[in-house]
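Here is what each chain is made of, one letter per residue.
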Amino acid sequence: SSSASPMQHRGQPQSAPMSTDGSSESVTEEKRPKKKNCCDWKVATLFLFSVALSLILTGVFLPAEGIIIAYLPKFDAPANPYTGPEAGSDADKKSSLPGTTGNDVAVGLPPSPAGEDSSIGKEVPNFMQCPTDASLCCNGSPLNCGLRVDQMMFGLVHNANASEEGNFYVGYNHFYGLERALVAGYRALNLDVCNCNGVLQFCHNVCDLGERYPNEVFTNINNFLDEYPSEVIVLIFQASTDKGGILWNDLHAEMSAVGGFVDKIYVHKYGEEWPSMETLVRQDKRIVVFYFNGGTCDDCASLGINYLYNYA
């Protein structure tokens, strides 16, 4: 009789191993219990709801603003507080209002849901170091006058139009309006421009969730500059095309409707060196304008509306 070959033919199924009692065992054919998935849709829904609720409660009850303020740097009041024309005339003072100190400036503040007694953004900031002898001052200090515009740092408010005070009920970035930000010392404003069914508005990316109208905003900015003759500001307009395209000439027309506003716009020629802060203050060309994120314009350069990424 022939003996069995120790080699298996390629592709030939191997026999199942034999147990000690002669029965065959098949590991591969053994049915293993299926693992249950602990995260079905009900559990996932409950988890997401819990996370969302936790975030909401944290935002409402955690004193985040107080924590931030506690860690902000503190500045000593100047030895010689500025009392020049930027402090406003006696007629502009509002010391009779509760919560004010007598250094308040009227710049056309919008109605405030936060309460009219709030002094935030109404007082001349104590970092203003301008001399009291009416000598030249630029953005809070004579030392800034020798700097070119592109050597200055301008504190900017992002989405400055979107505030609770400005009646943005959803998606606002700030409690207080842009007017208070200017008085408090910010010198650059980023504004989202929307064409809402043919009407230009400052919105927050989309129409119908809150708006500020250009005429009101430009009027208040112009009032601020008239009361603060040493200050230069930067306006950065961002196109938001939710319901229509942006034509920057239309926004310039809104500026022209406010007496004295366009006269303050500095018209920069691309490729030339930026002027000094002193030059802009002396010539009363104290508004520098940029735009980005799209939109079209007919001869923007001659209007003083500069494409941001030519410079930034």
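Since the model is a prediction, treat every value here as computed from it, not as a measurement.

J.: How do you make sense of the pattern of salt bridges when you look at a structure like this?
T.: For side chains of opposite charge, pairing can occur when their charged atoms come near one another. Within this structure, the stated rule accounts for 8 salt bridges. Note that Arg148 is salt-bridged to Asp150, the shortest N-O span being 3.0 Å. Given a relative accessible area of 25%, Arg148 falls into the partly exposed group. Notably, a salt bridge pairs Arg180 with Glu165, separated by 2.6 Å at the nearest N-O pair. Of this pair, Arg180 sits in helix H3 (residues 178-184) while Glu165 sits in the loop between strand S1 (156-157) and H3; the two residues are 15 residues apart in sequence, bridging distant segments of the chain. Glu165 carries the same exposure label as Arg180, and that label is buried.

J.: Help me out: how do you make sense of the packing of helix H4 (residues 214-227) against helix H5 (residues 248-256) in this one?
T.: If you want to describe how two helices pack, look at the angle between their axes and the distance between the axes. Running from N to C, H4 and H5 cross one another at 55°; their axes reach a closest spacing of 9 Å. On the basis of the axis angle, H4 is oblique to H5. Handedness of the crossing formed by H4 with H5: right-handed. Between H4, through Pro214, Asn215 and Phe218, and H5, the contact on the second element is made entirely by Leu251, Glu254 and Met255. Looking at side-chain class alone, the contact of H4 with H5 contains 4 nonpolar, 1 polar and 1 charged residues.

J.: What is the right way to look at H4 in this model?
T.: Residues separated by three or four positions in an α-helix point in the same direction, a consequence of the helix having 3.6 residues per turn. The first and last C-alpha atoms of H4 sit 20 Å apart over 14 residues, in line with the 20 Å expected at 1.5 Å per residue. Regarding H4, the residues found buried are Pro214, Val217, Phe218, Asn220, Ile221, Asn222, Phe224, Leu225 and Glu227. The secondary structure elements touched by the buried residues of H4 are H3, strand S2 (188-196), strand S3 (199-202), strand S4 (233-240), H5 and strand S5 (287-292).

J.: Can you help me understand the state of the cysteines in this one?
T.: Throughout the structure, instances matching the rule amount to 5 disulfides. The disulfide that involves Cys196 links it to Cys207, with 2.1 Å between the sulfurs. Handedness here is read from the sign of the S-S torsion; for Cys196 and Cys207, about -95°, the answer is left-handed. Residue Cys196 is found in strand S2, and its partner Cys207 is found in the loop between S3 and H4; the two are separated by 11 residues along the sequence. Note on Cys196: relative accessible area 8%, which makes it buried. Disulfide pairing places Cys297 opposite Cys300 at an S-S distance of 1.8 Å. The sign of the 110° torsion about the S-S bond sets the Cys297-Cys300 disulfide as right-handed. Its relative accessible area of 26% is what places Cys297 among the partly exposed residues.

Thresholds, definitions, all that
Residue numbering note: each chain is counted from 1, following its sequence as written. In keeping with the predicted nature of the model, local features appear solely for residues at pLDDT of at least 70, side-chain atom pairs appear and are counted solely at 80 or more, and the whole-chain, interface and lining totals rest on all residues. In computing side-chain values, all of the structure's heavy atoms are included and hydrogens and water are not. Any Lys or Arg side-chain nitrogen found within 4 Å of a carboxyl oxygen on Asp or Glu counts as a salt bridge. A simple rule labels every residue: compare its accessible area, found with a 1.4 Å probe on the protein chains alone, to the largest value its type can have, and call it buried under 20%, exposed over 50%, or partly exposed in between. Segments assigned H or I by DSSP are reported as helices when at least four residues long, segments assigned E as strands when at least two residues long, and all are numbered from the N terminus. Axis geometry follows a simple rule: fit a line to the C-alpha atoms, using only the stretch in contact for helices, then measure angles between N-to-C directions, giving values from 0 to 180 degrees. When an angle is under 35 degrees it counts as roughly parallel; over 145 it counts as roughly antiparallel; between 65 and 115 it counts as roughly perpendicular; any other value is oblique. Handedness of each helix crossing follows the sense of rotation of the near helix against the far helix: counterclockwise by less than a right angle gives left-handed, clockwise gives right-handed. Contacts: residue pairs with any heavy atoms within 4.5 Å of one another. Lys, Arg, Asp and Glu make up the charged group, whereas Ala, Val, Leu, Ile, Met, Phe, Trp, Tyr, Cys and Pro make up the nonpolar group; the residues left over, Gly among them, are polar. Expected span of a helix: the number of residues minus one, times 1.5 Å. Cysteine sulfur atoms are paired as a disulfide whenever they fall within 2.5 Å.

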